[in-house]
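Each chain is listed here by its residues.
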Number of protein chains: 2
Amino acid sequence: MKKPLPTPPTATLQTHLGYWLRLVSNQVSAGFARGLQARELSVAEWVALKQIEGASAVTPAQVAAATGMTRGAISKVLDKLEERRWLARSLSISDNRVQHLALTARARHALPELTAIANQNDEHFFHVLDGAEQALLRGLLQKLAAAHHLHTVPVD
Amino acid sequence: MKKPLPTPPTATLQTHLGYWLRLVSNQVSAGFARGLQARELSVAEWVALKQIEGASAVTPAQVAAATGMTRGAISKVLDKLEERRWLARSLSISDNRVQHLALTARARHALPELTAIANQNDEHFFHVLDGAEQALLRGLLQKLAAAHHLHTVPVD
DNA sequence: TATTGTTATACTCTATAACTATA
DNA sequence: TATAGTTATAGAGTATAACAATA
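In this text the structure is predicted, and so the values were computed from the model without any measurement.

Points about the protein's contact with DNA strand D
Stage number 1. Near DNA strand D there are 21 residues, and of these Pro60, Ala61, Arg71, Ser75 and Gln99 of chain A occur at the shortest range.
Stage number 2. Here, DNA strand D places atoms within 4 Å of the protein, and 64% of those atoms are sugar or phosphate.
Stage number 3. Between DNA strand D and Arg97 of chain A there is a distance of 3.0 Å, counted from a base oxygen to a side-chain nitrogen or oxygen.
Stage number 4. At 2.9 Å from a phosphate oxygen of DNA strand D is found a main-chain nitrogen or oxygen belonging to Asn96 of chain B.
Stage number 5. Among the elements of the structure, α3 (60–67) and α4 (71–83) of chain A together with α4 (71–83) of chain B are those that each provide at least two residues to the surface near DNA strand D.
Stage number 6. At four residues, the largest contribution of residues to the surface near DNA strand D is made by α4 of chain A.
Stage number 7. Class assignment of the residues belonging to the surface near DNA strand D gives a composition of six nonpolar, eight polar and seven charged.

Quick look at the structure:
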């Protein structure tokens with residue numbers, strides 16, 4: 001004889017793809033955040049470092065635009081990096097309102113270890129997928145990103 | 001002639017699968033959070049509602065365990081739901097330390113609309129994938145969740 | 001002693017908006 | 001007037017740990 005069920009919901013949380021995406025993504029991000037935390041770095045700080053390293057964003061306003069954060073929030077992130085002597089701010093010659101951002105040698109020295117943390121975290125979570133599956137997942141996510149015009153770099 | 005590149009980084013942010021996962025997941029979650037916000041509900045509150053609806057968790061401690069939040073955090077989430085008259089707390093007959101949680105009729109009346117918000121959000125983000133692609137994505141994410149023993153319900 | 005749930009406190013992250021200095 | 005960057009303030013969300021009641 002069956003045990004009576006509590007009123008079954010119309011749909012469970014697990015029905016939604018967004019649920020699975022969030023479940024896995026949160027774990028990957030939390031793992032990465034823990035890895036960075038051992039080096040006293042936040043994900044937002046890591047992203048800013050990489051933006052400046054790649055020179056895809058060399059002013060605070062550009063970092064803000066690239067990440068979708070406000071200029072106020074970026075200002076604090078850059079403060080942290082500068083306190084740590086990983087970032088040098090200098091005024092633009094042509095416009096004294098504008099700053100140019102550059103990584104210090106100390107930052108460039110630390111980057112390989114941070115990159116290793118990122119690599120290891122990715123490896124740890126995705127190694128259970130073979131190469132073809134990883135390529136498939138990447139393709140699907142990139143298709144979604146492209147379709148929704150996602151340009152900004154996620155920092156949380 | 002090629003334009004000289006700025007010092008190329010060892011690996012870009014986009015190298016990592018975690019990057020793409022976070023990029024897409026954050027957008028889906030943010031979209032859902034906006035949808036719920038129009039009904040003055042947080043994602044954590046929505047998850048708690050669904051946990052109680054499904055009766056997979058009927059005490060605060062069980063909701064805490066299911067979501068990975070602390071009992072202190074859950075207590076506040078439940079306060080919000082109770083203030084709204086969506087939740088009834090009652091003491092267990094057999095153990096006066098324990099509470100039993102139940103949704104009110106008011107909550108059950110509101111659930112279909114909230115579920116519609118969740119459905120629409122999922123539909124909005126994933127409709128660019130066809131049925132086969134969605135199944136593929138779901139399968140890959142579930143494989144990752146299973147491999148890493150992810151049981152808790154993500155609330156942020 | 002151990003457990004359930006609550007509460008006081010603090011911390012992190014971020015947005016908003018006022019502010020300064022330049023242009 | 002408009003823009004770059006900073007700062008003051010506030011809010012959301014959550015953890016930690018002390019707490020009261022109960023077992």
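Picking up where we left off.
What about the interface of chain B and chain A?
Stage number 1. Residue-level contacts link 59 residues of chain B with 58 residues of chain A.
Stage number 2. At the boundary of chain B with chain A, total buried surface from both sides reaches about 5,800 Å², with 69% on carbon and sulfur atoms.
Stage number 3. Counting the surface chain B buries against chain A, the share from its top three residues, Leu13, Leu17 and Arg22 of chain B, is 13%.
Stage number 4. Between chain B and chain A we count two salt bridges in total.
Stage number 5. A salt bridge links Lys143 of chain B to Glu133 of chain A; its shortest N-O distance comes to 3.0 Å.
Stage number 6. Counting the contacts that link chain B with chain A gives 20 residue pairs in polar contact (both at pLDDT 80 or more).
Stage number 7. Taken together, the elements giving at least two residues each to the side of chain B that touches chain A come down to α1 (17–37), α2 (43–53), α5 (105–126) and α6 (131–147) of chain B.
Stage number 8. Here the element with the most residues in the side of chain B that touches chain A is α1 of chain B; it accounts for 14 residues.

Details of the layout of surface pockets
Stage number 1. The computed volume of the largest pocket comes to approximately 610 Å³.
Stage number 2. Residue lining of the largest pocket: 30 residues in total, with Asn26, Ser29 and Asp156 of chain A together with Asn26 and Asp156 of chain B positioned closest to the centre.
Stage number 3. For the lining of the largest pocket, the elements supplying multiple residues, two or more each, are α1 (17–37) of chain A together with α1 of chain B.
Stage number 4. The residue inventory of the lining of the largest pocket, partitioned by class, reads twelve nonpolar, 14 polar and four charged.

Brief notes about the pattern of salt bridges
Pairs may arise between side chains of opposite charge once their charged atoms sit close together.
Residues and elements named next belong to chain A.
Stage number 1. Tallied over the entire structure, the rule returns 14 salt bridges over all chains.
Stage number 2. Across the pair Arg89 and Asp79 runs a salt bridge, and its minimum N-O distance is 2.9 Å. In this pair, Arg89 sits in strand β1 (residues 87–91) while Asp79 sits in helix α4, placing the two residues ten residues apart along the sequence.

Quick word on the nonpolar core
Stage number 1. In terms of nonpolar packing, the biggest core is built from 90 residues, with Trp46 of chain A together with Trp46 of chain B touching the most fellow members.
Stage number 2. Once residues lying within four places of it in the same chain are set aside, the contact partners of Trp46 of chain B are Leu13 of chain A together with Phe32, Leu36, Leu41, Leu111, Leu114, Thr115 and Ala118 of chain B.

Regarding the packing of aromatic side chains
Residue and element names in this part refer to chain A.
Stage number 1. Tallied over the entire structure, the rule returns four aromatic pairs over all chains.
Stage number 2. Taken together, a centroid distance of 5.1 Å and an interplanar angle of 85 degrees make the contact between Tyr19 and Trp20 edge-to-face. Across the pair, exposure class does not vary: Tyr19 and Trp20 are buried alike.
Stage number 3. On the basis of an interplanar angle of 85 degrees and a centroid distance of 5.8 Å, the ring pair of Phe32 and Trp46 is categorised as edge-to-face.

Topic: helix α5 (residues 105–126) of chain A
Stage number 1. Over its 22 residues, α5 of chain A extends 32 Å from the first C-alpha to the last, a length consistent with the 32 Å expected when each residue adds 1.5 Å.
Stage number 2. The largest bend in α5 of chain A is about 35 degrees, located at Leu111 of chain A, with the proline Pro112 of chain A one to four residues further on.
Stage number 3. Looking only at α5 of chain A, the buried set comprises Ala107, Ala110, Leu111, Leu114, Thr115, Ile117, Ala118, Asn121, Asp122, Phe125 and Phe126 of chain A.
Stage number 4. As for α5 of chain A, its buried residues are in contact with α1, α2 (43–53), β2 (99–103) and α6 (131–147) of chain A together with α1 and α6 of chain B.

Rules of the game
Sequence order as written defines residue numbering, which begins from 1 separately in each chain. In the order they appear in the text, chains get letters beginning with A and ligands get numbers beginning with 1. Per-residue local features of the predicted model are confined to residues with pLDDT of at least 70, and side-chain atom pairs are confined, for both listing and counting, to 80 or more; whole-chain, interface and lining totals are unaffected and use all residues. Hydrogens and water are ignored here; the side-chain numbers use all heavy atoms of the structure. Any residue with a non-hydrogen atom lying within 4 Å of a molecule or strand is treated as near it. Counting of polar contacts relies on pairs of N or O atoms within 3.5 Å, with two restrictions inside protein: one atom must be capable of donating a hydrogen and the other of accepting it, and residues adjacent in sequence are counted only when both atoms are side-chain atoms. Helix and strand assignments come from DSSP, with helices taken as H or I runs of at least 4 residues and strands as E runs of at least 2, each series counted from the N terminus. Classification used: nonpolar for Ala, Val, Leu, Ile, Met, Phe, Trp, Tyr, Cys and Pro, charged for Asp, Glu, Lys and Arg, polar for all others including Gly. Contact criterion: two residues are considered in contact whenever any of their non-hydrogen atoms come within 4.5 Å of each other. Buried area is calculated as the accessible area (1.4 Å probe) missing from two parts once they are joined, with the contributions of both summed. For this analysis, a salt bridge means a side-chain nitrogen from Lys or Arg found within 4 Å of a carboxyl oxygen belonging to Asp or Glu. A cavity here means a set of 1 Å grid points, computed over protein atoms only, where a 1.4 Å probe fits but cannot escape. A pocket is an open set with protein on both sides within 12 Å along at least 5 of 7 lines, and lining residues have an atom within 4 Å of a point. Grid points are joined across faces, edges and corners, and a volume is the space filled by probe spheres set on the points. By nonpolar core is meant a set of buried Ala, Val, Leu, Ile, Met, Phe, Trp, Tyr and Cys residues that side-chain atoms within 4.5 Å join together. A 1.4 Å probe rolled over the protein chains alone gives each residue an accessible area, and that area as a share of the maximum for its type sets the label: buried under 20%, exposed over 50%, partly exposed in between. Pairs were defined over the aromatic rings of Phe, Tyr and Trp, the Trp ring being its six-membered one, requiring ring centres within 6.5 Å. Orientation was assigned from the angle between planes: stacked under 30 degrees, edge-to-face over 60, tilted for the rest. Expected helix span is computed as 1.5 Å times (number of residues minus one). Two axes define the bend at a residue: one fitted to the seven residues ending there, one fitted to the seven starting there, and the bend is the angle between them.

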